[in-house]
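Residues per chain are reported as follows:
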Amino acid sequence: DEENPDNYPSIIVEIDRCASKLKNVYALYKDDFHTPNTSHVGGVAVVKKGGSTYAFIPSKDGLHRYDLNSPDSTIISSSPPPKSLMNTKGTIKKILYSDSFNYSSLCGYSYVSYDKYRNLLWVGGFDEDSLTNICSYKLNSAKNSLSEWSSINQLPVNKVQGAVARPDGKLLLSTSYG
């Protein structure tokens, strides 16, 4: 990857929003703890079911599911930590994706949002000049796997960087560059 020549892992950060404190930094890995996930992380959708908390992250390789409560995650104890994590504080955990799902390349992989009202993941891509699609995928009842493709919709604006599902069934879209 020309944007990450040192193959540092992508990260997601967990913040306690009530206390305004950093809780965990998750260094993302795939297949084994020796292969960092260096893919673009344009978004993360967090889904809770029972005592489990899953993070779904889209990338060009697929939609990855990470179990944030996984007993297999390991705390990085090297001193100093990898260069990509030098400016982080708190507990740094290496975590493997527990599953990877293929999804339509028509949707892109720049952002993801969870619609808890309809139990859907919305995934879309960014394009500066053209209209793009957003796709929805139904989660299974355990909320840990995609059960079916639900819809594909062309967005009415370009440069979309994110989406949030509202209770009334509408999506709020954020755009860049005006």
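Since this is a predicted model, take the numbers as computed values, not measurements.

Undergrad: Is there a simple way to think about the environment of Lys138 in this case?
TA: With respect to the helices, strands and loops of the structure, Lys138 is situated in strand S10 (residues 133-139). Counting along the chain gives ten residues from Lys138 to Glu148, while the straight-line C-alpha distance between them is 5.3 Å. In contact with Lys138, other than residues within four places in its own chain, are Arg118, Asn119, Leu120, Ser145, Leu146, Ser147, Glu148 and Ser150. A distance of 3.0 Å separates a polar side-chain atom of Lys138 from the backbone oxygen of Arg118.

Undergrad: When you look at the sheet that holds S10 in this model, what are you seeing that I'm missing?
TA: In a beta sheet, neighbouring strands pair by backbone hydrogen bonds and run either parallel or antiparallel. Taken in spatial order, the four strands of this open sheet run S8-S9-S10-S11, and their pairing is antiparallel. Either end of the sheet is taken by a strand with one partner, and the two such strands are strand S8 (111-115) and strand S11 (146-154). Neighbour-to-neighbour, the strand axes of this sheet turn through a mean angle of 20 degrees, independent of strand direction. Pairing analysis gives seven bridges linking S10 to S11, with the strands arranged antiparallel.

Undergrad: Please clarify how the state of the cysteines should be interpreted in this entry.
TA: By definition, a disulfide is the covalent link that joins the sulfur atoms of two cysteine residues. Summed over the entire model, instances satisfying the criterion amount to one disulfide. Two residues share a disulfide in this structure: Cys107 and Cys135, whose sulfurs sit 1.6 Å from each other. Here the disulfide of Cys107 and Cys135 is left-handed, its torsion about the S-S bond being about -75 degrees. Here Cys107 is found in the loop between strand S7 (91-101) and S8, whereas its partner Cys135 is found in strand S10, with 28 residues between them in sequence.

Undergrad: Sorry, what's going on with the packing of aromatic side chains here?
TA: According to the stated counting rule, one finds one aromatic pair in the structure shown. Aromatic side chains Tyr66 and Tyr97 sit 6.0 Å apart centroid to centroid with 85 degrees between the ring planes, which places their arrangement in the edge-to-face category. Here Tyr97 lies in strand S7 and Tyr66 lies in strand S5 (residues 62-67), a separation of 31 residues in the sequence. Here the basic side chain of Lys94 rests over the ring of Tyr29, its NZ or CZ set 4.8 Å away from the ring centre.

Undergrad: How do you make sense of the pairing of S8 when you look at a structure like this?
TA: Residues in a regular strand project their side chains so that they alternate between the two faces of the sheet. Taken across its five residues, S8 has five buried, putting it largely inside the fold. The alternating pattern of S8 places Tyr111, Ser113 and Asp115 on one face and Val112 and Tyr114 on the opposite face, and all of these are buried. Pairing between S8 and strand S9 (residues 120-124): five bridges, direction antiparallel. If you follow Tyr114 over to S9, its bridge partner there is Leu121.

Undergrad: How do you make sense of unusual backbone geometry when you look at a structure like this?
TA: The phi angle of most residues is negative, glycine excepted, and most peptide bonds adopt the trans form. Non-glycine residue Ser20 carries a positive phi angle of around 55 degrees. Turning to its location among the elements, Ser20 is positioned in the loop between strand S1 (11-16) and strand S2 (21-29). The phi torsion at Lys159 lies on the positive side, around 65 degrees, for a residue other than glycine. Topologically, Lys159 is positioned in the loop between S11 and strand S12 (160-165).

Undergrad: Where do I start with the nonpolar core in this structure?
TA: Core analysis: the biggest nonpolar cluster contains 16 residues, and Phe56, Leu63, Leu121, Tyr137, Leu139 and Leu146 have the highest contact counts within it. For this core, the secondary-structure elements that each account for two or more residues are strand S3 (45-49), strand S4 (52-59), S8, S9 and S10. Among the elements that make up this core, the one with the highest residue count is S10 (three residues). Among all residues touching Leu146, those that are not within four sequence positions of it are Leu63, Phe101, Leu121, Tyr137, Lys138 and Leu139. Counting nine residues, the second largest nonpolar core, distinct from the first, contains Leu28, Ile57, Tyr66 and Tyr97.

Criteria and thresholds
Residues numbered from 1 in each chain as written. Predicted model: local features only at pLDDT ≥ 70, side-chain atom pairs only at ≥ 80, totals over all residues. Heavy atoms only, no water. Helix = DSSP H or I, 4+ residues; strand = E, 2+ residues; numbered from the N terminus. Contact = heavy atoms within 4.5 Å. Polar contact = N/O pair within 3.5 Å; in protein donor to acceptor, adjacent residues only side chain to side chain. Pairing = 2+ DSSP bridges. Axes fitted to C-alpha atoms, helices over the stretch in contact; angles between N-to-C directions. Disulfide = S-S within 2.5 Å. Phe/Tyr/Trp six-rings, centres within 6.5 Å; stacked < 30°, edge-to-face > 60°. Lys NZ or Arg CZ within 6 Å of the ring centre and 35° of its normal. Buried < 20%, exposed > 50% of the residue type's maximum accessible area, 1.4 Å probe, protein only. Core = buried A, V, L, I, M, F, W, Y, C linked by side-chain atoms within 4.5 Å.

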